[in-house]
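Reading the structure
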Amino acid sequence: CQTTTYTDCACFIHLIFYHHHSSSLKTQRRKRKMEIGFLGLGIMGKAMAMNLLKHGFKVTVWNRTLSKCDELVEHGASMGETPAQVIKKCKYTIAMLSDPCAALSVVFDDKDGVLEQICEGKGYIDMSTVDAETSLKINQAITGKGGRFVEGPVSGSKKPAEDGQLIILAAGDKSLFDETVPAFDVLGKKSFYLGQVGNGAKMKLVVNMVMGSMMNAFSEGLVLADKSGLSSDTLLDILDLGAMTNPMFKGKGPSMNKSSYPPAFPLKHQQKDMRLALALGDENAVSMPVAAAANEAFKKARSMGLGDLDFSAVIEAVKFSRE
Ligand SMILES: NC(=O)C1=CN([C@@H]2O[C@H](COP(=O)(O)OP(=O)(O)OC[C@H]3O[C@@H](n4cnc5c(N)ncnc54)[C@H](OP(=O)(O)O)[C@@H]3O)[C@@H](O)[C@H]2O)C=CC1
Ligand SMILES: O=CCCC(=O)O
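Computed from a predicted model, the values in this text were never measured in an experiment.

1. As for the overall build of the protein chain
Counting its regular elements, the protein chain contains 14 helices and 9 strands. The burial tally for the protein chain puts 41% of its 323 residues in the buried class. Once local pairs closer than 6 in sequence are excluded, the contacts in the protein chain between residues at least 24 apart make up 64%.

See the structure below:
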């Protein structure tokens, strides 16, 4: 500014401001134009679809139990009566469904499934946690009809979904990934592109295998502290100060000590992920005795009727096994 006049500086600042303002307007317009279909409004899907709406996307929702669409419709979403209707209406459709069986049936159902309307020019993004085989089957069917496919399972639970802070583990058609980045940017804090279909599913299973094993070790520690006459609340403070501090222990520990498990990540889904991760271990001859033991605890918890509670309820299986 020393060698230029005040007017030059003001102009320059104005230009920068104008450029920033007009490019964010462009992004806004792109989002507003982007019509996204959303299949599956469970804990995660509802929060994710709501976020897209809040950020100016046009969203058309469908859920197997149709009444779950009502709240989204009140917030400005349109509703499709079937997955096929949503696909017909939208260029891009995201799915967030419970497991491989649900992900496959929504695509392959003879009547009203995704395949009925998918065609060239349309993109399908499945963000459910499934195994690579399921993802590959869906990819083959979608691309066989001329559509494009990306798998995009997520790390992060109900709160990160509400806050748009998920971690997206995407793989598949790179052009579709690039086009849907504006939506991923709203849903998550970071999107990884991991290459060919299957890599997203596998990465997600590895991550959740580690998480499920950690939750079991944590549960055993809390029960051991309590049963040996120590304060499990003090254990939380000690863990939080050392090398093992982490958001999961910090977030779930206090409610676990009160035997309270409001579902953020349902236990039945964590057990599904352990099962699928162990199958991936089998395929690759990776010995995983820790994960196998953790899976047994989740199975036990399911057999105790705890499948719909948060996965931290696995501590009840640990308590039960010592009684
Ligand atoms: N909750 C979490 O913290 C996280 C979950 N995930 C993964 O995301 C996915 C969704 O999880 P979440 O939202 O918690 O699960 P929910 O159990 O809350 O929701 C499951 C959804 O799948 C639908 N569904 C189930 N079976 C079928 C079927 N046969 N046909 C059509 N729709 C079906 C349900 O419909 P209906 O309402 O009719 O039952 C519902 O919309 C899962 O794969 C999970 O592992 C990933 C990261 C975090
Ligand atoms: O799949 C569920 C992941 C839950 C989490 O990352 O907290």
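2. Description of the site of ligand 1
Not every one of the 27 residues close to ligand 1 is listed here, only the nearest: Gly42, Arg64, Ala102, Ser157 and Phe265. The residue makeup of the shell around ligand 1, split by class, is 12 nonpolar, 11 polar and 4 charged. The residues that make up the shell around ligand 1 include at least three from each of domain 1 (30–196) and domain 2 (202–322).

3. Considering the site of ligand 2
Around ligand 2, the neighbouring residues are Thr129, Ser155, Gly156, Ser157, Asn208 and Phe265. In terms of residue class, the shell around ligand 2 is made up of 1 nonpolar, 5 polar and no charged.

4. Thoughts on the nonpolar core
Membership of the largest hydrophobic core comes to 80 residues, with the highest contact counts inside it found for Ile36, Ala49, Val61 and Val314. Split by domain, this core shows at least three residues from each of two domains, domain 1 (30–196) and domain 2 (202–322). Among residues more than four places away in sequence, those in contact with valine 314 are Met215, Asn216, Ser219, Leu267, Ala297, Phe298 and Ala301.

5. Topic: the pairing of strand β6 (residues 148–151)
Side chains Arg148 and Val150 project from β6 onto one buried face, and the interleaved Phe149 and Glu151 project onto a second face that is buried too. Of the strand pairs in this sheet, strand β5 (residues 123–126) and β6 are connected by 4 bridges, and their pairing is parallel. Its bridge partner being in β6, glycine 123 is matched across the sheet by arginine 148. Between the parallel elements β5 and β6, the chain passes through helix α6 (residues 132–144) in a crossover that is right-handed. Of the strand pairs in this sheet, β6 and strand β8 (residues 166–172) are connected by 2 bridges, and their pairing is antiparallel. By the bridge assignment for β8, glutamate 151 is matched with alanine 171.

6. Comments concerning the UniProt feature "transmembrane region" (unreviewed entry) in the protein chain
On the UniProt side, "transmembrane region" (unreviewed entry) is annotated at positions that read residues 36–53 here. Note that residues 36–53 is 61% helix and 22% strand, and that its end C-alpha atoms are spaced 10 Å apart.

7. Some remarks on the domain arrangement of the protein chain
We note that the domain assignment places domain 1 (30–196) and domain 2 (202–322) within the protein chain. One C-alpha centre belongs to domain 1, the other to domain 2, and the line joining them spans 28 Å. Each side of the interface is counted separately: domain 1 has 13 residues, and domain 2 has 14 residues. Classifying every residue of the side of domain 1 that touches domain 2 gives 5 nonpolar, 4 polar and 4 charged.

8. Concerning the UniProt feature "active site" (unreviewed entry) in the protein chain
Under the present numbering, the feature "active site" (unreviewed entry) in UniProt falls on Lys204. Relative to the elements of secondary structure, lysine 204 occurs in helix α9 (residues 199–227). When neighbours within four sequence positions are excluded, lysine 204 is seen to be in contact with Thr129, Pro153, Ser155 and Leu169.

9. Structural notes on helix α11 (residues 247–257)
Every α-helix winds through 3.6 residues per turn, so residues three or four apart in the chain are directed the same way. Burial in α11 covers these residues: Phe249, Lys252, Gly253 and Met256. Projected down its long axis, α11 shows its buried positions confined to an angular sector of 120 degrees, all on one face. Facing away from the buried side of α11 by over 90 degrees, the exposed positions are Pro247 and Lys250. Following α11 by one or two positions, serine 259 adopts a phi angle in the positive range, close to 55 degrees.

10. Topic: the packing of helix α5 (residues 100–108) against α6
Remark: α5 packs on α6, axes separated minimally by 10 Å, with the N-to-C direction vectors making an angle of 10 degrees. As summarised for this structure, α5 and α6 are arranged roughly parallel, according to the angle between their axes. Contact residues: α5 offers Pro100, Ala103, Leu104, Val107 and Phe108, while α6 offers Thr134, Lys137, Ile138 and Ala141.

11. As for helix α13 (residues 289–303)
Taking 1.5 Å per residue as the helical rise, α13 with its 15 residues ought to reach 21 Å, and the 21 Å between its terminal C-alpha atoms agrees with that figure. Within the sequence span of α13, burial applies to Ala291, Ala294, Asn295, Ala297, Phe298 and Ala301. Buried residues of α13, seen end-on, are gathered within an arc of 160 degrees and therefore sit on one face of the element. Of the residues in α13, the exposed ones pointing more than 90 degrees away from the buried face are Pro289 and Ser303.

12. Observations concerning the environment of glutamate 133
Its location among the elements puts glutamate 133 in helix α6. Each C-alpha atom of the pair glutamate 133 and leucine 187 lies 25 Å from the other, and the pair is 54 residues apart in sequence.

Basis of the calculations
- Residues numbered from 1 in each chain as written.
- Chains lettered and ligands numbered in written order.
- Predicted model: local features only at pLDDT ≥ 70, side-chain atom pairs only at ≥ 80, totals over all residues.
- Helix = DSSP H or I, 4+ residues; strand = E, 2+ residues; numbered from the N terminus.
- Buried ≥ 20, exposed ≤ 12 C-beta atoms within 10 Å, placed from the backbone.
- Contact = placed C-beta atoms within 7 Å.
- Near = placed C-beta within 6 Å.
- Nonpolar A, V, L, I, M, F, W, Y, C, P; charged D, E, K, R; others polar.
- Domains from an automatic or database assignment.
- Core = buried A, V, L, I, M, F, W, Y, C linked by C-beta atoms within 7 Å.
- Pairing = 2+ DSSP bridges.
- Right-handed = clockwise from strand over helix to strand, strands pointing away.
- UniProt positions renumbered as here; feature names shortened; annotations may be inferred.
- Arc of directions from axis to C-beta.
- Axes fitted to C-alpha atoms, helices over the stretch in contact; angles between N-to-C directions.
- Parallel < 35°, antiparallel > 145°, perpendicular 65-115°, else oblique.
- Expected span 1.5 Å × (residues − 1).

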